[in-house]
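Below are the chains, spelled out letter by letter.
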Amino acid sequence: MVQQKLYDMILYNRTIKNTAIWLLHSKLLTEDPVYRAVYWKRIRAVIDRYRIAPSCIKLENTNACNSRCVICTHDRMKRKVGFMKRELWEKVLAEGAALGIEHASLHNFGEPLLDKSFPEIARYAKAKGIPRVTTNTNGALLTAEVASEFIDSGLDELFVSFDGATKDTFEKVRFGLNYEKVEGNVQRLIKMKKEKGAKKPLVVVDFVEFDLNRHEKSAFQNKWSGLADHVCISSLHNWGGKSTIDGKGGIHEDYVYARSFPCRLLWTDLVVNWDGRIPLCCQDTENEIILGNANTSKLVDIWQGNAFNQMRQLHLEGRMEEIPVCRECRLHTFWWIF
């Protein structure tokens, strides 16, 4: 419980999060031998903890999307668009639950609500006993019916990407979506929760801060604080080097980037795309590196397999530059502290 509260405090507080990011990537710490020894001890503890199975499964029920956001590379995606079949998501979630995963994130590189079976997937995941089931949405399809199904499904958290405090800025960032519609959908869900006396799903509105919308950060926080359960101010990443966002905002980095330690995602998160293929991580949006297929193999065998371990070994040896997806990635995470 204490660890979760600490995690939430950092995740939802922009100032604390940026300070932690800057500090943990600064030369002050990364070149200090005592700090490195202590931190490597923590890294090895996390590796041992998830050696058998991942902490989180990111299940991509679809990679289709109904928006063309300027901070996303979805409009340039080359892989086939599709929806995960029922027998596959049942297999993945059942195997994950049997392995004792802590978190099922029902989302990867698309808008999950385009899949009409989404509420059923969430219910199935909770019925299997997975402690934390979440998803991310742009909110455009969050109708009253869907909102009611969310509340009844047991979904734990709903992250809504909402990158503006005004219509003008929102619709410049989230091209193709309507500000009033999305705002109304989120507010209705919050109202329905109160009317039903429901505590879940927790509603988290997420604001990815960059040059185009930075001037509205405070207004966004003021608008949603007290309405949503959490307001999350996030930093922009670059989708494994695929995003440049020139002219419309530019990639803004708030901290000195240093690859002094391996990326935690290879030891904690397993991504299963809609067709069953398992890429390196959530930043491998084009399936450049495939480590297995959930249609034909058990998740535990893929997680412990040679393909995954070869990628991990490169990170442990500080040779992540040899992996194309990792070479330019700016999501490389420091969250080994949890």
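What counts and how
- Residues numbered from 1 in each chain as written.
- Predicted model: local features only at pLDDT ≥ 70, side-chain atom pairs only at ≥ 80, totals over all residues.
- Heavy atoms only, no water.
- Core = buried A, V, L, I, M, F, W, Y, C linked by side-chain atoms within 4.5 Å.
- Buried < 20%, exposed > 50% of the residue type's maximum accessible area, 1.4 Å probe, protein only.
- Helix = DSSP H or I, 4+ residues; strand = E, 2+ residues; numbered from the N terminus.
- Contact = heavy atoms within 4.5 Å.
- Expected span 1.5 Å × (residues − 1).
- Arc of directions from axis to C-beta.
- Polar contact = N/O pair within 3.5 Å; in protein donor to acceptor, adjacent residues only side chain to side chain.
- Salt bridge = Lys/Arg side-chain N within 4 Å of Asp/Glu carboxyl O.
- pLDDT = per-residue confidence, 0-100.
- Axes fitted to C-alpha atoms, helices over the stretch in contact; angles between N-to-C directions.
- Parallel < 35°, antiparallel > 145°, perpendicular 65-115°, else oblique.
- Nonpolar A, V, L, I, M, F, W, Y, C, P; charged D, E, K, R; others polar.
- Phe/Tyr/Trp six-rings, centres within 6.5 Å; stacked < 30°, edge-to-face > 60°.
- Lys NZ or Arg CZ within 6 Å of the ring centre and 35° of its normal.

Visitor: Just checking my understanding: could you explain the nonpolar core for this structure?
Guide: When a protein is soluble and globular, its nonpolar side chains tend to lie buried together. Counting 72 residues, the largest nonpolar core has Leu93, Leu106, Phe220, Trp224, Val272 and Leu280 as the members making the most contacts within it. Broken down by element, the residue count for this core peaks at 6 residues, all from helix H9 (residues 179-196). Once residues within four sequence positions are removed from consideration, Phe220 is found in contact with Phe162, Gly164, Ala165, Val205, Asp206, Phe207, Val231 and Ile233. By size, the runner-up hydrophobic cluster in this structure holds 10 residues, among which are Cys69, Val70, Val173 and Phe210.

Visitor: What exactly am I supposed to notice about the side chain of Thr169 here?
Guide: Relative to the elements of secondary structure, Thr169 occurs in helix H8 (residues 167-173). For Thr169, a relative accessible area of 4% gives the class buried. Those residues in contact with Thr169 that sit more than four places away from it in its chain are Asp163, Gly164, Leu212, Asn213, His215 and Glu216.

Visitor: Just to check I follow, could you spell out helix H4 (residues 33-49) for this structure?
Guide: An α-helical segment advances 3.6 residues per turn. Residues three or four places apart therefore align on the same side. For H4, which comprises 17 residues, the first-to-last C-alpha distance of 24 Å matches the rise-based estimate of 24 Å (1.5 Å per residue) to within 8%. Among the residues of H4, Tyr35, Tyr39, Trp40, Ile43, Val46 and Ile47 are the ones counted as buried. Down the axis of H4, the smallest arc covering the buried residues is 125°, so these residues share one side. Opposite its buried face, H4 presents the exposed residues Val34, Val38 and Lys41, each directed more than 90 degrees away. Capping the start of H4, Asp32 holds a side-chain oxygen 3.2 Å from the backbone nitrogen of Val34, two or three residues further along.

Visitor: I'm lost on the environment of Glu317 in this one. Help?
Guide: If you trace the backbone, Glu317 turns up in the loop between helix H13 (306-316) and helix H14 (324-327). Residue class for Glu317 comes out partly exposed when judged on its relative accessible area of 42%. Between the C-alpha atoms of Glu317 and Phe261, which are 56 residues apart in sequence, the distance is 9.2 Å. A polar contact of 2.9 Å, which involves the side chain of Glu317, links it to the side chain of Gln313.

Visitor: I tried to follow the pattern of salt bridges on my own but got confused; where do I start?
Guide: For side chains of opposite charge, pairing can occur when their charged atoms come near one another. All told, the structure shown has 23 salt bridges when counted by the stated rule. As a salt-bridge pair, Lys217 and Glu209 come within 3.9 Å of each other at their nearest N and O atoms. Note on Lys217: relative accessible area 23%, which makes it partly exposed. Where Arg277 meets Asp275, a salt bridge forms, and the shortest distance between an N and an O atom there is 2.9 Å. Looking at Arg277, the relative accessible area reads 29%, which means it is partly exposed. Salt bridges linked by common partners bring Glu209, Asp211, Arg214 and Lys217 together as one network.

Visitor: What exactly am I supposed to notice about helix H5 (residues 86-99) here?
Guide: When the terminal C-alpha atoms of H5 are compared, their 20 Å separation across 14 residues agrees well with the 20 Å that a helix rising 1.5 Å per residue should span. Where H5 is buried, its residues touch strand E1 (56-59), strand E3 (103-105), helix H6 (118-127), strand E9 (269-272) and helix H12 (299-303). Just downstream of H5, Gly100 is the residue with a positive phi angle, here 85°.

Visitor: It is not clear to me how the confidence of the model for the protein should be interpreted in this structure. Could you clarify?
Guide: Keep in mind that low pLDDT regions are not for reading the predicted coordinates in detail. Counting all residues, the mean pLDDT for the protein is 86, and 85% of those residues have values of 70 or more. When the elements of the protein are averaged for pLDDT, helix H1 (residues 2-11) gives the smallest value, 55, and H5 the largest, 98. Contacts of residues 246-257 to residues separated by more than four positions or lying in other chains number 32 contacts, the stretch itself having pLDDT below 50.

Visitor: Where do I start with the side chain of His315 in this structure?
Guide: Inspection of the secondary structure puts His315 in helix H13. A distance of 3.2 Å separates a polar side-chain atom of His315 from the backbone nitrogen of Cys263.

Visitor: Quick question: what am I supposed to make of the packing of H6 against helix H7 (residues 144-153) here?
Guide: Describing two packed helices takes the angle between their axes plus the distance from one axis to the other. Following both chains from N to C, one finds H6 and H7 inclined at 5°, their axes separated by 9 Å at the closest point. Classified by the interaxial angle, the pair formed by H6 and H7 is roughly parallel. For the pair H6 and H7, the contacting residues are Phe118, Pro119, Ala122, Arg123 and Lys126 in the first and Glu149, Phe150 and Ser153 in the second. Split by residue class, the contact of H6 with H7 holds 4 nonpolar, 1 polar and 3 charged.

Visitor: Can you walk me through the packing of aromatic side chains in this structure?
Guide: Note on aromatic pairs: each is described by the distance of the centres and the angle between the planes. Considering all chains together, one arrives at 13 aromatic pairs under this definition. Seen from their ring centres, Phe118 and Phe150 are 5.5 Å apart, and the 70° between their planes marks the pair as edge-to-face. Taken together, the residues span a long stretch of sequence, with Phe118 in helix H6 and Phe150 in helix H7 at a distance of 32 residues. Aromatic ring contacts, followed pair by pair, group Phe162, Phe170, Tyr179, Phe207, Phe220 and Trp224 into a single cluster. Above the face of the Trp224 ring, Lys223 is positioned so that its terminal group lies 5.9 Å from the ring centre. We note Arg312 situated over the ring of Trp303; from NZ or CZ to the ring centre the distance is 4.4 Å.

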